[in-house]
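Analysis of the macromolecular model
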Amino acid sequence: MGALSNFYQEQRRWLNAIFGIGVVAAFWSFADWQVNSELFFVGPWRVVTYTYGLFASGEILDDLYISGIEFFWGFGVAAFAGIAFGMIFGISRVFREFFDPWLSAVYATPSVALAPLIIIWFGVDLTAKIVIVLITAVVPIVLNTYTGVLSVGKEFQTLANSFCIPQRQVLYKILIPGSLPYIVTGLRLGISRGIVGVVVGEYFGAYAGLGYQLFKGLDTFNMPLMMSCAAMLAGTGVVLNQVILVIERRMAPWRDSTLQE
Amino acid sequence: MSSSIQVEQVHKTFMKPTGETVHAVGGIDMDLRPGTFYSFVGPSGCGKTTMLHMIHGLLPPTRGRILLDGDEVVGPTPNKAVVFQQALLLPWRNVTDNIQFGIENDRGMSATERREICDKYTQIVGLRGFESHYPHELSGGMQQRVNLARALAVNPEILLMDEPFASLDAQTRLLMQEELQRMVDWKNSGKIVIFVTHDIEEAVFLSDVVFCFSFRPGTIMKEIKVPFPTPRTLRVKEEPEFLQIKHDIWELLADEARKAMEE
Amino acid sequence: MSKIQEIPLEESQDSSFVASVKGVYNRHRIGINFFFSVILALLTWEFIDYIFDDPDFFTGPVAVAVEFTVLVYEPRFWENINYSGTELIYGFGLAMILGVVIGAAVAFSRTLDEMFSPILVGLYATPRSVAAPLFIIWLGLGIASKVGVITLASVFPVIINTQAGIKNVQGEFRMLGRAFNVSFWAMLTKIIIPGSLPFLIAGLRLGYSRSVVTIMVAELFGAEAGIGYMIDHATQTFHVAEMMVGISLLTIMGIAGNEILKGVERWATPYRKTLV
């Protein structure tokens with residue numbers, strides 16, 4: 001008995017996490033058993049097997065590819081542009097004070113609401129979808145980079161001045177590494193927004209993509225397909241987040257923990 | 001290598017965002033000679049740090065001028081280095097890379113030379129074995145050693161120290177005072193060292209010359225020469241003459257400190 | 001920026017016209033910059049409209065304002081606003097209650113924390129509004145499905161921030177409470193609640209902005225009315241001015257809510273500086 005409770009005390013973090021997932025899965029399965037209709041609800045195991053079936057038959061691969069392309073370009077450009085603009089906002093006081101109201105307005109505007117306008121301007125092809133992902137993902141990246149630059153204390157600027165470090169080196173020696181944790185948070189928030197952007201973009205005249213399949217599932221009352229797509233989209237969010245965290249830990253060994261949001 | 005500094009009738013006035021002006025430094029003259037350790041001592045808000053920044057070139061004087069070897073100081077130059085009150089180490093750099101911060105732009109220096117300089121000062125400040133540690137893994141005293149090594153690595157003629165021991169615990173502080181003399185070695189290298197502190201005992205213990213600052217607008221009330229030979233050991237602090245000097249300075253500063261407290 | 005701004009003595013004593021203009025600018029620079037910034041934004045917007053000169057493609061602020069004055073006479077317009085507003089109030093309200101309860105539970109119980117925090121953190125990183133179609137099947141096309149999605153999308157920042165706030169205060173002040181022999185109730189009302197309030201309000205602001213975004217997403221997947229529905233409908237008929245009115249309405253909802261929460265923050269925590 002003592003050994004068992006020791007084992008629990010030592011490993012409680014893992015055991016409880018697994019137990020927690022078990023509890024959720026049990027409730028989910030119980031609900032499925034109660035509802036007992038695939039039109040309304042699907043259990044966790046059915047989601048797994050259905051998703052496996054989609055991959056095995058290969059019918060989802062095109063959709064993954066299309067959504068992947070949209071996300072890759074949209075998020076990629078958002079990351080570069082977001083970090084660049086955030087840096088400029090953080091560095092230039094005039095720029096910051098002048099464009100702050102624009103930034104507040106952009107922050108307050110639900111960027112997915114701009115999706116229909118983008119469709120009108122860019123048509124229904126791939127470019128429009130990429131732009132939609134871009135505008136939904138870019139806002140948190142800009143804002144967090146900007147906050148990050150401001151969080152690097154003025155005293156570090158004084159330090160650089162007093163050691164005669166040229167201004168352009170201050171950018172990559174101090175401002176970028178100093179704001180890295182904030183940039184990472186921005187990218188993580190941008191990921192989940194970008195995925196919403198993919199789905200919203202595919203609402204308008206798409207012929208393939210995970211979001212398109214989601215809508216198809218809704219139209220055809222195909223609950224397993226919908227839950228499978230939702231799970232894949234959510235799973236992508238989790239996986240990409242972990243990837244970014246791992247990269248951050250590699251690039252920033254000086255930090256103790258980075259799990260804070 | 002031996003520079004001298006003349007400070008001539010320097011004033012400094014700031015403006016608060018409220019529009020109120022603050023007369024921080026009110027007419028200071030100084031003549032600083034190479035191979036000498038100077039302290040600025042006075043109550044908080046007496047303009048001693050401002051004076052240090054002006055000598056460094058981070059702030060221009062409102063009136064008067066500061067000459068370094070006859071040329072007016074207009075900005076920071078590589079022959080001056082500062083040791084900050086907060087260590088201000090870059091958290092993403094290990095000890096070696098932090099020490100290297102000030103010399104990595106010196107094109108006349110090869111990578112091996114840089115390495116050697118870093119090794120030398122890592123040795124001098126007693127951090128051998130900690131080269132690849134990051135700042136968050138170091139104690140406060142060790143961080144201040146890196147801070148000092150970073151300044152010494154540029155081999156400055158003028159070393160400016162802005163209350164570098166203020167955030168250390170009392171014992172570490174005593175040990176650092178004793179070691180500082182060996183680490184900086186201003187007598188042999190002909191450096192000018194300027195040390196800002198509000199600890200009178202620390203100022204007297206370390207300095208050849210102590211400048212006593214009045215409360216705002218900061219002026220020099222007295223310039224006191226400390227006769228003990230250097231390097232000194234902590235035992236000096238118990239000698240009657242040392243205690244007498246310390247007492248005299250406190251007599252001089254007590255009223256000023258009271259003004260600062262009531263501000 | 002250092003608190004004391006450096007101005008040379010000579011210049012500040014200068015009484016010439018230029019100096020006084022400079023002084024006025026320096027004292028009110030944030031306000032002045034704000035004013036010109038907004039003016040420039042509106043002019044740029046109108047200018048782009050002038051360049052395109054195609055109301056099916058782009059409309060300027062004037063056309064949007066005109067469209068607005070037309071729409072206010074249509075009962076359907078007010079119905080849409082009412083519909084989305086109701087979604088927002090119920091959805092965000094529910095997220096607020098659930099978020100604080102769940103956040104407090106995982107903050108106070110170590111076992112619950114270890115069991116569910118990994119799941120909560122995982123879900124925090126996911127695009128939750130993609131569950132909107134599922135809610136439509138479960139709860140129908142009406143308002144209930146939107147409330148469900150909005151709650152799901154905005155509850156997580158509230159949970160995470162409530163938890164972080166309580167843990168933060170507990171970590172800092174537990175010893176203080178012990179030292180003064182404070183009862184649990186007093187600890188809760190005097191230390192934990194006021195101490196975690198800034199975190200909680202930050203969470204509410206994050207959650208609120210997600211709520212507004214989710215109105216749009218939720219209504220796209222099928223709705224009977226609402227601002228998102230109105231925008232979608234206007235898109236199908238290429239009615240750009242009406243779309244922009246809809247977008248502006250959502251933006252106003254976003255700004256208004258954020259300002260209200262900022263006001264609450266200033267009122268509840270006057271000892272802190274309120275951020276953007």
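Our subject is the structure listed above.
First, a word on scope: everything that follows refers to the structure included in this document. All values derive from a computational prediction rather than experimental measurement. (Residues numbered from 1 in each chain as written. Chains lettered and ligands numbered in written order. Predicted model: local features only at pLDDT ≥ 70, side-chain atom pairs only at ≥ 80, totals over all residues. Heavy atoms only, no water.)

A few words now on the overall build of chain C. On a plain count of helices and strands, chain C comes out with 11 helices and 0 strands. Along chain C, from the amino end to the carboxyl end, the secondary structure elements read α-α-α-α-α-α-α-α-α-α-α. Whereas a compact globule of 276 residues would reach a radius of gyration of roughly 19 Å, chain C reaches 24 Å, over 25% beyond that. Dimensions of chain C, computed from the C-alpha atoms along their principal axes, are close to 75 × 70 × 30 Å. Put simply, chain C has 276 residues, and 48% of those count as buried. Restricting to contacts in chain C with at least 6 residues of sequence separation, those with at least 24 account for 73%. (Helix = DSSP H or I, 4+ residues; strand = E, 2+ residues; numbered from the N terminus. Rg over C-alpha atoms; globule rule 2.2 N^0.38 Å. Buried < 20%, exposed > 50% of the residue type's maximum accessible area, 1.4 Å probe, protein only. Contact = heavy atoms within 4.5 Å.)

Turning our attention to the overall build of chain A. When its secondary structure is counted, chain A shows 10 helices and 0 strands. In terms of overall dimensions, chain A has C-alpha extents of about 70 × 65 × 30 Å along its principal axes. Put simply, chain A has 261 residues, and 51% of those count as buried. Relative to all contacts within chain A whose residues are 6 or more apart in sequence, the contacts with residues 24 or more apart total 71%. For chain A, the accessible surface area stands at approximately 12,600 Å², while carbon and sulfur atoms represent 69% of it. When the 15 basic and 16 acidic side-chain charges of chain A are each reduced to a single mean position, those positions are 12 Å apart. (Areas by Shrake-Rupley, 256 points an atom, 1.4 Å probe, with all protein chains shown as cover. Lys, Arg positive; Asp, Glu negative; His and termini not counted. Charge placed at Lys NZ, Arg CZ, Asp CG, Glu CD.)

Turning next to the packing of helix H6 (residues 110-124) of chain C against helix H8 (residues 143-179) of chain C. All names here are of chain C. Two numbers describe how H6 lies on H8: the axes approach to 10 Å, and their chain directions differ by 135°. In terms of their interaxial angle, H6 and H8 are classed as oblique. In this structure, H6 meets H8 at a crossing whose hand is left-handed. Mapping the contact onto sequence places Asp113, Ser117, Leu120, Val121, Leu123 and Tyr124 in H6 and Phe156, Pro157, Ile159, Ile160, Gln163 and Lys167 in H8. Of the residues assigned to the contact of H6 with H8, the class counts are 8 nonpolar, 2 polar and 2 charged. (Axes fitted to C-alpha atoms, helices over the stretch in contact; angles between N-to-C directions. Parallel < 35°, antiparallel > 145°, perpendicular 65-115°, else oblique. Left-handed = near helix turned anticlockwise from the far one by under 90°. Nonpolar A, V, L, I, M, F, W, Y, C, P; charged D, E, K, R; others polar.)

This brings us to the nonpolar core. Core analysis: the largest hydrophobic core is formed by 190 residues, its most contacted members being Met51, Ile55, Leu148, Leu159 and Ile249 of chain B. Discounting chain neighbours no more than four positions away, the residues touching Leu148 of chain B are Val83, Val125, Leu159, Met161, Leu180, Met183 and Val184 of chain B. (Core = buried A, V, L, I, M, F, W, Y, C linked by side-chain atoms within 4.5 Å.)

What follows covers the side chain of Ser192 of chain A. For Ser192 of chain A, the position within the fold is in helix H8 (residues 167-203). The exposure class of Ser192 of chain A is buried, given its relative accessible area of 5%. The residues contacting Ser192 of chain A, other than those within four sequence positions of it, are Ala125, Thr126 and Pro127 of chain C.

With that settled, consider a negative patch on the surface. A cluster of acidic side chains, namely Asp106, Glu113, Glu116 and Asp119 of chain B, defines a negative patch on the protein surface. If you trace the backbone, Asp119 of chain B turns up in helix H3 (residues 111-124). (Patch = residues over 30% accessible without salt bridge, like charges linked within 9 Å, V, L, I, M, F, W, Y side chains within 5 Å. Salt bridge = Lys/Arg side-chain N within 4 Å of Asp/Glu carboxyl O.)

As a further point, take unusual backbone geometry. All names here are of chain B. Pro217 follows Arg216 through a cis peptide bond whose omega is -10°. Residue position: Pro217 is located in the loop between strand S9 (209-213) and strand S10 (220-225). Phi angles above zero are rare outside glycine, and Asp185 is one such case at about 50°. As for its placement among the helices and strands, Asp185 is situated in the loop between helix H5 (170-184) and helix H6 (186-189).

Chain B puts 24 residues into the contact, and the matching count from chain A is 20 residues. The three residues of chain B that bury the most area against chain A are Leu88, Trp92 and Phe101 of chain B, which together make up 35% of that side's buried surface. Close ionic contact of Lys173 of chain A with Glu104 of chain B constitutes a salt bridge, the shortest N to O distance being 2.9 Å. At the junction of chain B and chain A, the tally comes to 2 residue pairs in polar contact (both at pLDDT 80 or more). Of all the secondary-structure elements, those providing two or more residues to the side of chain B that touches chain A are strand S6 (80-83) and helix H4 (140-153) of chain B. Of the residues forming the side of chain B that touches chain A, the biggest block, 3 residues, is contributed by S6 of chain B. When grouped by side-chain class, the residues that make up the side of chain B that touches chain A number 15 nonpolar, 5 polar and 4 charged. (Buried area = accessible area lost by both parts, 1.4 Å probe. Polar contact = N/O pair within 3.5 Å; in protein donor to acceptor, adjacent residues only side chain to side chain.)

Here the focus is helix H2 (residues 44-57) of chain A. Every α-helical turn comprises 3.6 residues, leaving residues that sit three or four positions apart pointing alike. Residues and elements named next belong to chain A. Between its terminal C-alpha atoms H2 stretches 20 Å, which fits the 20 Å expected from 14 residues at 1.5 Å a residue. Turning to H2, its buried residues are Pro44, Val47, Tyr50, Thr51 and Leu54. Down the axis of H2, the buried side of the element spans an arc of 125°, and every buried residue falls inside it. Exposed residues lying more than 90 degrees from the buried face of H2 are Trp45, Tyr52 and Ala56. In this fold, the buried residues of H2 make contact with helix H1 (2-35) and helix H10 (223-251). (Expected span 1.5 Å × (residues − 1). Arc of directions from axis to C-beta.)

It is worth spelling out the interface of chain C and chain A at this point. Between chain C and chain A, the contact holds 55 residues from the first and 55 residues from the second. Here chain C is connected to chain A by 1 salt bridge. Across the pair Glu114 of chain C and Arg12 of chain A runs a salt bridge, and its minimum N-O distance is 2.7 Å. Summed over the shared surface of chain C and chain A, the number is 9 residue pairs in polar contact (both at pLDDT 80 or more). When residues of the side of chain C that touches chain A are traced back to their parent elements, those giving at least two are helix H3 (29-52), H6, helix H7 (132-139), helix H9 (184-220), helix H10 (227-236) and helix H11 (240-268) of chain C. No other element matches the 10 residues that H3 of chain C contributes to the side of chain C that touches chain A. Of the residues that constitute the side of chain C that touches chain A, the class distribution is 36 nonpolar, 13 polar and 6 charged.

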